[in-house]
Amino acid sequence: MKYVIIGNSAAAVGAVEAIRQNDTEGKILIISDESYHTYSRPLISYLLLGKTTREKMKYRSDSFYSENNCEVMLSTSVTAIDKDAKCVLLSNGESESYDKLLVATGSSPFVPPVNGLDKVEKKFTFISLDDANALEKAVTEGSKVLIVGAGLIGLKCAEGISAKADITCVDLSDRVLSSILDDGGSEIVKAHLEDNGIKFRLGVQVSEFGKNSALLSDGTKVEFDVLVMAVGVRPNTALVKNIGGEVGRGIVINERCATSVEDIYAAGDCCESMDVSTGEKKVMALLPNAYMQGECAGMNMSGADFVFDKAIPMNAIGFFGKHIITAGSYTGEVYTECEDGNYKKLFYGDNKLNGFILIGNAEKAGIYTSLVRERTKLDTIDFELICEKPGLMAFSKDVRAEKLGSAQ
Amino acid sequence: MKRIYVNEKWCLGCHLCEYYCAFASTNQSDMARALCGVKINPKIKIEENDKISFAVSCRHCDEPLCVKGCITGALSRKDGVITIDRDRCIGCYTCILSCPYGAISPSDDGAVQKCELCIKTNGGKPQCVAGCPNGAIVFEERGE
């Protein structure tokens, strides 16, 4: 059996670890267009911040490939899949056959076409180690940096370079982190970021770039030395789309992480999958989901029958010491707590917890996550108690006994 | 695989497990001296109300969501024990977001902390179990 994995990040690692549970003999080939040992992409901002190093941000140890008997082809991209011949064509002109193929191609930064963008010399995106390395070189003490996009990527970038740079962040949305926070949460986080020196221009977009300036839609101008485009990312779906595989916003996979094309699986940020908190198909570009989809794909590629049907949007992120934990969807009735700098919102309806936002106190957040993920019926627990204080106390005695092991 | 099991019927709510846990990582010989005046932040924590109490620590799950979700690779599972490489942890709290038991918590130095069955500190003899005066916390093989 020969397994080919396109990609070298969380989904790929998840697949390797799963395949090796079932098949220690089969050949695994990892093909990556990057030149690095597998590393954790979300850590690039921590690298700039000095909270990790290139060595420590490796996602698995140096011996990972040899221990798992993987062949790795770095700095090589896959240009096409030939599904009939069951092989992938490579940028070096060669090809590699596969029995089972995993597409874990991730996503690419979306850079909108803005007039004058070509005039900007120091412009960067921020999703890869190469991006971080280039940005680190470009930003010097006192650099004026304009970041377009006040989402997860833009703001983590801002934090990463904040010690050196004078940062202005622009976003079309009138609030920060609009994809994961509600209005109240956004306000708190924005104020906290402002306290740490980040300036915001919200509700506007860049109409035109000059070499070192941006003209905003409200007619004002922002000068900058360095530009970071962090508007969003797009799943890398082309390889599957080009062979007629089903693609929506991301590559369509089923709960076994199989694509619509025989023997081809997909996992991670390049996919769309079911959000169990809403029942909608969406791209949930998050490392935990990537790993678990990769694991699921790897299990099925190596002969097991494995299902991953518990994906939900979820984020644990922090800025300048303030933690933000969110999961699920923000629909239904709302339980709110807001005191002592902590912010909690729980969204519930139809006897289920749909989602939550915690800012500040993160204690036992996973208990809320499990209610969302497992679609736990709220009338089986003490919901009033758990709203105030997440804990196993809110579950029935029998469930607690099962969880903690006294049921013997 | 030996695991920690908790029976709330026997828990007195005395919190001694929390003190033994905190003491286990001090590398000192006298508990009173080691913890005097210290606000402890143990890896096992008592949940209690006026009727019941029980201790909660890492269950060392077979399908650990914390390990699978860890963005750095700092959490790993080897020989059934989930451990943390504190040097690699950057304190993002994805594991706290993921753990359905609430058994991972922030530490005092930025990394997260969790029960590692005392394998790094006491030769794999969980001190919460050793210190529980009423047998409410046990460490045993149940052949699961």
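Residues numbered from 1 in each chain as written. Chains lettered and ligands numbered in written order. Predicted model: local features only at pLDDT ≥ 70, side-chain atom pairs only at ≥ 80, totals over all residues.

Turning our attention to the overall build of chain B. Scanning chain B from N- to C-terminus turns up five helices and eight strands. Along the longest, intermediate and shortest principal axes, the C-alpha atoms of chain B span 40 × 35 × 30 Å. For chain B, the residues scored as buried account for 47% of the 144 residues in total. For chain B, restricting intrachain contacts to residue pairs at least 6 apart in sequence, the fraction spanning at least 24 positions comes to 55%. (Helix = DSSP H or I, 4+ residues; strand = E, 2+ residues; numbered from the N terminus. Buried ≥ 20, exposed ≤ 12 C-beta atoms within 10 Å, placed from the backbone. Contact = placed C-beta atoms within 7 Å.)

With that out of the way, let us pick up the interface of chain B and chain A. When the parts of a complex come together, some accessible area is lost, and that lost area is often used as the size of the interface. Listed per partner, the contact involves 29 residues of chain B and 38 residues of chain A. With four residues, the top contributor of residues to the side of chain B that touches chain A is helix α4 (residues 94-98) of chain B. Here the residues of the side of chain B that touches chain A are counted per class, giving 14 nonpolar, nine polar and six charged. (Nonpolar A, V, L, I, M, F, W, Y, C, P; charged D, E, K, R; others polar.)

All names here are of chain A. A rise of 1.5 Å per residue sets the reference length of helix α1 (residues 10-22), with its 13 residues, at 18 Å; its end C-alpha atoms lie 19 Å apart and thus fit the reference within 8%. Within the span of α1, buried status applies to Ala10, Ala11, Ala12, Val13, Gly14, Ala15, Val16, Ala18 and Ile19. Where α1 is buried, its residues meet β1 (2-6), β2 (27-31), β3 (70-73), β7 (100-103) and α8 (287-301). (Expected span 1.5 Å × (residues − 1).)

What follows is about the sheet that holds strand β18 (residues 251-252) of chain A. Residue and element names in this part refer to chain A. Spatially, three strands are ordered β18-β20-β21 in an open sheet, and the strand pairing comes out mixed. Looking at the sheet topology across the chains shown, the edges are occupied by β18 and β21 (280-282). One ladder, built from three bridges, connects strand β20 (residues 271-275) with β21; its direction is antiparallel. Looking across to β21, one finds that Asp275 is bridged to Glu280. (Pairing = 2+ DSSP bridges.)

Nonpolar side chains in soluble globular proteins tend to end up buried together. Residues Ala15, Leu102, Val103, Val228, Ala266 and Ala267 of chain A are the most contacted members of the largest nonpolar core, which totals 169 residues. The residues touching Leu102 of chain A, leaving out its near neighbours within four places in the chain, are Ile5, Ile6, Ala15, Tyr265, Ala266, Ala267, Ala297 and Met301 of chain A. (Core = buried A, V, L, I, M, F, W, Y, C linked by C-beta atoms within 7 Å.)

Attention now goes to unusual backbone geometry. Residues and elements named next belong to chain B. Within the chain, Asp79 stands out as a residue other than glycine whose phi angle is a positive 50°. Inspection of the secondary structure puts Asp79 in the loop between β4 (75-78) and β5 (81-84). Note on Asp79: 7 C-beta atoms within 10 Å, which makes it exposed. One non-glycine residue with positive phi stands out, namely Cys118, at about 60°. When the 21 C-beta atoms within 10 Å are taken as the criterion, Cys118 is described as buried.

Here we take up the confidence of the model for chain B. Any region with low pLDDT has predicted coordinates that should not be read closely. Residue-level pLDDT values for chain B average 95, and 99% of them are 70 or greater. With pTM at 0.96, the complex prediction returns an ipTM value of 0.97. (pLDDT = per-residue confidence, 0-100.)

A word on the domain arrangement of chain B. All names here are of chain B. Segmenting chain B into domains produces domain 1 (1-57 + 122-144) and domain 2 (61-114). Each of domain 1 and domain 2 has a C-alpha centre, and the two are 19 Å apart. Listed per partner, the contact involves five residues of domain 1 and eight residues of domain 2. (Domains from an automatic or database assignment.)

A separate point is the environment of Ser76 of chain B. Residue and element names in this part refer to chain B. Inspection of the secondary structure puts Ser76 in strand β4. C-alpha of Ser76 to C-alpha of Cys66: the two residues are 10 residues apart in sequence and 8.8 Å apart in space. Not counting the four nearest positions on each side in its chain, Ser76 is found in contact with Val67 and Thr83.

All right, on to the domain arrangement of chain A then. Residue and element names in this part refer to chain A. For chain A, the domain assignment lists domain 1 (2-108 + 233-301), domain 2 (117-229) and domain 3 (321-404). With centres defined by C-alpha atoms, the gap from domain 2 to domain 3 works out at 33 Å. On the domain 3 side, the residues contacting the eight residues of domain 2 number eight residues. Across the side of domain 2 that touches domain 3, the residue classes break down as four nonpolar, three polar and one charged.

Next up on the list: the pairing of β20 of chain A. All names here are of chain A. In terms of strand pairing, β18 meets β20 through two bridges, oriented parallel. From the neighbouring strand, Val252 faces β20, where its bridge partner is Glu272. If you look at the hairpin formed by β20 and β21, you'll find four residues sitting between the two strands, and Gly279 has a positive phi there, around 80°.

Residues and elements named next belong to chain A. Across the sheet, which stays open at both edges, the three strands sit in the order β13-β14-β15 with antiparallel pairing between neighbours. Looking at the sheet topology across the chains shown, the edges are occupied by β13 (206-209) and β15 (221-223). On average, each strand axis in the sheet is inclined to that of its neighbour by 25°, with strand direction left out of account. As paired strands, β13 and strand β14 (residues 213-216) are joined by three bridges and run antiparallel to one another. Each residue of the ladder has a partner; that of Val206, found in β14, is Leu216. (Axes fitted to C-alpha atoms, helices over the stretch in contact; angles between N-to-C directions.)

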